[in-house]
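# Structural features, examined
Here are the chains, one letter per residue:
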Amino acid sequence: MSAAVITPALEEPVRNELAELELDNGEDDKTPGLDAPAVKKNKKKKKKKKPAGDTQEEGISEEPKPEGDDADQDQEGGAGGDAPAKKKKKKKKKGGAGGGNRPQQTDPPTIAIGDLYPDGEFPLGEICQYTDDNLWRTSSQEMKMKDFAFEEALKEARQAAEAHRQVRQYVQSWIKPGLTMVEICERLEDCSRRMIKENGLQAGLAFPTGCSINHCAAHYTPNPGDKTVLMYDDVCKIDFGTHINGRIIDCAWTVHFNPKFDPLVNAAKAATNMGIKCAGIDARLNEIGEAIQEVMESYEVELDGSTYQVKCIRNLNGHSIEPYKIHAGKTVPIIKGGEAIKMEEGEFYAIETFGSTGKGMVHDDVDCSHYMKNFDIGHVPIRINRAKGLLNSINKNFGTLAFCKRWVERAGETKYLLALKHLCDLGIVNDYPPLVDQKGCYTAQMEHTIVLRPTCKEVLSRGDDY
């Protein structure tokens, strides 16, 4: 709007009226809570400001716009609440994109994976697109719908896989020579129980922590009273599992401190990755084993002046996995030969390989630590009361998942050895002794869990470490 024009005839009356107006404003400015400097500042502003017609109220002057939060408060409140709000304060959104309010994991990890991802959207594993005859699956709407129907099982498996990743990252930060195997296993299992938020048979550990050393390739975990200590020149296979509602993640890696064992460990890693690459819907198990052997046995390791070809341990295999059943029936060989059985859509597999500087053949050792209830056993009459009580405890705490003597004692059982032997003799429980190669040799292991989704292959347990 344009300013009003004052004619000479009206000049004197207008001046008198303006003087009275200034006097009135000066009295109004002396209000509680407004200091003298502010009053003077307001008056200077008023003199400089051009008339704005009837829209300017008496006694109200415009102050300079402050910066920051004070500006927003002044705009919202105004002078006495009479002035219209010019702009509403914009509240900043907390957190960034992709779940900024998500809690951060502590160090050492203490927050369960389910609490870290309250929306249930757990990290995906490594996605491998199908090729060749299965390429059509990646864009098929029918396969995408089947994939969507498979989502609940995938979420459970991904939660267990994320727990495995965070636990092993924690273990890798402190494992070192001089620790006892009992201490290593118990610290790992305590962390794993926190991450998976152990809850009976609905969530927990899928099998005892394997920590087989040197010529022992698998199925060793310390029994109560075991004083074995991890040494600098040891090659230790850390193999543990987690599960949510029976969806098992079976994953392992090899710990070593002396760099002379690097070729042995790298051979197992490369062979496992080759097995994962070859796996897929309609892939034949015997062909996967042949590819694995070719990679594994292309490595050599020099130990104490002698060179050894890395051999596949031919009587150890990968395997299919079903809910609450770690060995579900299909085996993935790591050598040439075997049955030409095909992998199928929706199946879970543990792809694992074992390399050895020994004979490449394992046999049972003494002092068994791993046990598991027979998945297919029917009713078997038990006459010994203590054996009945132990079986009830096994059913309650482990179901058909593997367990060890340390866990039996943790469940509160005492004087259970004869009862456990009786259950094994009846075939209700199977024992799994340590598996060893030639004494003095070294063995390495690498393992991942994969799922053959309708649209792609997902390496559930893949992490930044391996």
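Description of the structure in this document. (Residues numbered from 1 in each chain as written. Predicted model: local features only at pLDDT ≥ 70, side-chain atom pairs only at ≥ 80, totals over all residues. Heavy atoms only, no water.)

This structure, assessed with the given rule, holds 20 salt bridges. The residue Arg102 makes a salt bridge to Asp119 at a minimum N-O spacing of 3.3 Å. In this pair, Arg102 is assigned in the loop between helix H3 (69-77) and helix H4 (113-116) and Asp119 in the loop between H4 and strand E1 (126-129), connecting sequence segments 17 residues apart. Its relative accessible area of 24% is what places Arg102 among the partly exposed residues. In this structure, Glu345 engages Arg137 in a salt bridge whose closest nitrogen and oxygen atoms are separated by 2.7 Å. Of this pair, Glu345 sits in the loop between strand E10 (331-332) and strand E11 (348-356) while Arg137 sits in the loop between E1 and helix H5 (141-149), placing them 208 residues apart in sequence. You can call Glu345 partly exposed: its relative accessible area is 29%. (Salt bridge = Lys/Arg side-chain N within 4 Å of Asp/Glu carboxyl O. Helix = DSSP H or I, 4+ residues; strand = E, 2+ residues; numbered from the N terminus. Buried < 20%, exposed > 50% of the residue type's maximum accessible area, 1.4 Å probe, protein only.)

Before going further, it helps to spend a moment on the packing of aromatic side chains. Within this structure, the stated rule accounts for nine aromatic pairs. Geometrically, the ring pair formed by Phe150 and Phe348 is tilted, given 6.1 Å between the ring centres and 55° between the ring planes. With Phe150 in the loop between H5 and helix H6 (151-174) and Phe348 in strand E11, this residue pair connects regions lying 198 residues apart in the sequence. In this structure Phe150 comes out as buried when scored by relative accessible area, which is 16%. Taken together, the ring pairs in this structure connect Tyr371, Phe398, Phe403 and Trp407 into an aromatic cluster. (Phe/Tyr/Trp six-rings, centres within 6.5 Å; stacked < 30°, edge-to-face > 60°.)

Turning our attention to the packing of helix H10 (residues 385-397) against helix H12 (residues 417-425). Each pair of packed helices can be described by the angle between their axes along with the distance between the axes. As a packed pair, H10 and H12 sit with axes 9 Å apart at the nearest point and diverge in direction by 80°. With respect to H12, the element H10 is oriented roughly perpendicular. Packed against H10, whose contacting residues are Arg386, Ala387, Leu390, Leu391 and Ile394, the element H12 presents Ala419, Leu420, His422 and Leu423 at the interface. Of the residues belonging to the contact of H10 with H12, the class tally is seven nonpolar, one polar and one charged. (Axes fitted to C-alpha atoms, helices over the stretch in contact; angles between N-to-C directions. Parallel < 35°, antiparallel > 145°, perpendicular 65-115°, else oblique. Contact = heavy atoms within 4.5 Å. Nonpolar A, V, L, I, M, F, W, Y, C, P; charged D, E, K, R; others polar.)

So, on to the sheet that holds strand E13 (residues 370-373). Strand order in this open sheet of three strands is E14-E13-E15, and the pairing throughout is antiparallel. The sheet is open, and its two edges are formed by strand E14 (403-404) and strand E15 (429-432), each paired on a single side. By the bridge criterion, two bridges tie E13 to E14 in an arrangement that is antiparallel. Paired with Tyr371 across the strands is Phe403, a residue of E14. (Pairing = 2+ DSSP bridges.)

For the rest of this paragraph, the subject is the side chain of Thr242. Among the structural elements, Thr242 can be located in strand E4 (residues 235-244). For Thr242, the side chain forms a polar contact with the main-chain oxygen of Ala160, separated by 2.8 Å. In this structure Thr242 touches Ala160, His164, Ser192, Ile196, Gly204, Ala206, Arg247, Ile248 and Ile249, once residues within four positions along its chain are discounted. (Polar contact = N/O pair within 3.5 Å; in protein donor to acceptor, adjacent residues only side chain to side chain.)

Moving on to the sheet that holds strand E16 (residues 435-436). With antiparallel pairing, three strands are arranged side by side in an open sheet as E3-E16-E12. Since the sheet does not close on itself, it has two edges, and those belong to strand E3 (216-218) and strand E12 (363-364), each with one partner. Looking at chain direction, E12 and E16 are connected through two bridges and run antiparallel. Looking at the pairing, Asp364 lines up with Leu435 of E16.

Right, let's talk about the pairing of strand E9 (residues 318-321) for a bit. Here E9 pairs with E10 via two bridges, running antiparallel. Residue pairing in the sheet places Gly318 in a bridge with Val332 of E10. Taken together, the three bridges between E9 and E11 define a ladder with antiparallel strand orientation. Bridge pairing in E11 places Ser320 opposite Tyr349.

What follows deals with unusual backbone geometry. Following Asp107, the chain continues to Pro108 via a peptide bond in cis, the omega torsion being 5°. Within the fold, Pro108 resides in the loop between H3 and H4. In the Ramachandran plot, Asp132 falls in the positive-phi region, its phi being about 55° despite a non-glycine side chain. Along the polypeptide, Asp132 turns up in the loop between E1 and H5. Positive phi values are uncommon outside glycine, yet Asp282 reaches one of about 75°. By secondary structure assignment, the location of Asp282 is in the loop between helix H8 (262-278) and helix H9 (285-296).

Remember that the coordinates give geometry; whether it matters functionally is a separate question.
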